[in-house]
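Examining the three-dimensional arrangement
So you can see what is in the structure, the chains are spelled out below.
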Amino acid sequence: MTISIAEISSSLVREYLSRKGLKKTIVCMDEEHPRTEASVNNRSQLRQMLNLEALYRKSKVENSQFKTLLEIIVKHLIDGTTNELDARSLHFNTDDGMALRSQVEVPKTSHTTLLFPEKTQSFAHHKSSLTAHDQNGQGTDVDLKIPVTESKKRNKASRPRRGMMTGPVASTPEESIKKRQIRKAEYNQPLPHNEREKDDEDCLLQTVQSSLYKDHYEFAQGSSAEQLTSQMEKRVQSSLNVSNVNVSEMVLDDIDDEEMQSLPRMFFNKTITRQSWTGCPMDQQTATELKVVLLGSSLNCFSVEWRNQGFTFSEIHDLRYGIVQTKGGPCGVLASVQGFVMKKMLFEDSDGSNCFNKLRPSNSTRRKCLVLAIAEILWRAGEEKQVIVAMNSGSKHFIPAGKYKSDGVLESILLFTLDNQKALEQFLDQHIEQFESTVMGCLLLVVSAVLSRSIDKLREDMDVPTTTLIGAHGYCTQELVNLLLCGQAVSNVFDNDMELDSGNSNLMLLKGIKYNSDIGLLSLFEHYNICKVGNFLKTPRFPIWVVCSESHFSVLFGLQRELLTSHLKEFDLYYYDGLSNQQEEIRLSVCVDRSAPCSDEASELIPPLELCIRTRWKDAAVNWNDTEPIL
């Protein structure tokens, strides 16, 4: 069975609540954080998974007042008995009487750093960290970071005697797992990070452990620090044949024995500094305003369709460019992002391949396009000046009070402000897993876009300021789609603004699209004369359109930019719907022949998509090329 840290932690809390008789609290927790198949409901099994059998027996023998596993763990950590589980050293006699001690800690984060005790001169630690500042300005590291723990000060009696040399511990796999679990408890909890680096870090850990003793022994024999650095880099690089582990990002901090204080600092020359980011926790006032503008009331909650939707790509060979939608609701957001992904993939990716081959992107290519697409959407929403990006920290930052219903979404968000587009792209590239995640990935983009635009300006964009961005049945409103496509949450799709005389000399200003957009929009409502799509959306800068048809949004795109500027009689369009469980590529051959208008005698049998296409190319004939028409 796969061990889930989150579920074990939840089970630990439930065991505490159960022992304390807090039944109402358990019911509330099960409602807000339901149990899953990975939940542990047996105390004995939970003790075994946490390796607490020895501590539990000790607590019973001592007849301790602390009965819950959580209390036993806390008491154990406060008593400082975790020192007994620290890495033991192998001692070797040497002729020169020198004592050396090395300690290796490689925490499982998305960025690997080697930590040695602190006595030598401090280093510039290169890391990618997210730091949250509370309302009082106090900083707390909460995200992807390389935590540096202060080495325990040891009294003279506990130090290795001269003539003894210590090295890495030769331990069994079970002991290594236990030690890593104990060490992890000392670190600030990081945000969820990319699991793809786990195998690389395991390999790196083995490489470093096997080479450290040799390095220290060679230093004792007279090798210089620079020589050891070069040797270490060569060993690690030769041991790892992966691109994801960057040796240049490791920092070595060496011996803390008083005799070795003169040891020069060692670091790799090709150090790549990763930016440190500072964020602010979401507060209840902002969360309340967000819920009102998104859902209509702070007492409403996000549906499971929204909470569990991220930006993940299809693994079907012919549809690898497509973002998959799991359930109905956030289709407008996914289609808008899909449009910008296609723009990056087809017309801005300079890999030299033709457009058809670009429809079969590699994992790294489509991930890069997703990063750039989200960055462009947010940068435009922030008026190309400043962007606020929402990140899921995994823990709540405020306890709701008053008229606010908690659903575990906005309470756990950290907000990061960036005023540079390159910095924004770098930030998203380092944390794109947050948006790919099926936990809040889609909502993080929506919250980021709303806050980047600002709630006040967003209200000014709308015809009716009380309009919500998520409408009835969890569907996207046109205001939300326009915000993502054009950076403004206007309520209409025609060009510019329009004044409507409502009688008694009262004029109502209806707000539309202000400029030619990169990604366009076609609507079935226009076919039924319910609305008018202006040229700014109907003729975008790139041949990509979000299609609004029967309360659903999908994407239509072409591979030729010429079809926007020249009067082509025949051309192909590709259609993608992330919700339709599409299993094959849909290529539509469009023929524009004004001399032969299409008949509407059997309009009820004409696929809605064809009707949308005809709002852009009047009387166009559409050939579905042996694929089943979508009716």
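As a reminder, the structure under discussion sits directly above these lines.
Structure report, in brief.

Rules used in this analysis
Residues numbered from 1 in each chain as written. Predicted model: local features only at pLDDT ≥ 70, side-chain atom pairs only at ≥ 80, totals over all residues. Heavy atoms only, no water. Buried < 20%, exposed > 50% of the residue type's maximum accessible area, 1.4 Å probe, protein only. Helix = DSSP H or I, 4+ residues; strand = E, 2+ residues; numbered from the N terminus. Polar contact = N/O pair within 3.5 Å; in protein donor to acceptor, adjacent residues only side chain to side chain. Core = buried A, V, L, I, M, F, W, Y, C linked by side-chain atoms within 4.5 Å. Contact = heavy atoms within 4.5 Å. Pairing = 2+ DSSP bridges. Axes fitted to C-alpha atoms, helices over the stretch in contact; angles between N-to-C directions. Phe/Tyr/Trp six-rings, centres within 6.5 Å; stacked < 30°, edge-to-face > 60°. Lys NZ or Arg CZ within 6 Å of the ring centre and 35° of its normal.

This part takes up helix α14 (residues 421-430). Of the positions making up α14, those classed as buried are Leu424, Glu425, Phe427, Leu428 and Gln430. Its side-chain oxygen 2.8 Å from the backbone nitrogen of Lys422, Asn420 forms the N-cap of α14.

So, about the environment of Glu433. When you line up the elements, Glu433 lands in helix α15 (residues 433-436). Distance from Glu433 to Thr312, taken between C-alpha atoms, is 9.8 Å for residues 121 residues apart in sequence.

Counting 93 residues, the largest nonpolar core has Phe311, Val333, Val389, Leu410, Phe435, Val450 and Phe557 as the members making the most contacts within it. Among all residues touching Val450, those that are not within four sequence positions of it are Leu290, Val293, Leu294, Ile455, Leu458, Leu469 and Leu483.

Moving on, we come to the sheet that holds strand β16 (residues 586-591). Hydrogen bonds between backbone groups are what pair the strands of a sheet, and the pairing can be parallel or antiparallel. Strands sit in the order β12-β13-β14-β15-β16-β17 across an open sheet of six strands; the sheet is mixed. Two strands bound the open sheet, and with one partner strand each, they are β12 (520-523) and β17 (621-623). Going across the sheet, the axis of each strand differs from the next one's by a mean of 30 degrees, ignoring polarity. Pairing of strand β13 (residues 544-549) with strand β14 (residues 552-557) involves six bridges; the strand directions are antiparallel. Following the sheet pairing, Trp545 is matched in β14 by Leu556.

One pair of aromatic rings is described through two measures. These are the centre distance and the angle between the planes. Here the structure, examined in full by the defined rule, presents nine aromatic pairs. Here the aromatic rings of Trp545 and Trp617 are separated by 5.4 Å at their centres, their planes lie at 75 degrees, and the arrangement is edge-to-face. Of this pair, Trp545 sits in strand β13 while Trp617 sits in the loop between α22 (608-616) and β17; the two residues are 72 residues apart in sequence, bridging distant segments of the chain. When sorted by exposure, Trp545 lands in the same class as Trp617, which is buried. The structure contains a cluster of three or more aromatic residues connected by ring pairs, namely Tyr321, Phe557, Tyr574 and Tyr576. Between Arg47 and the ring centre of Tyr56, over which it is positioned, the NZ or CZ distance is 3.9 Å. Seen from the ring of Tyr404, Lys291 lies directly overhead, with NZ or CZ sitting 4.8 Å from the centre.

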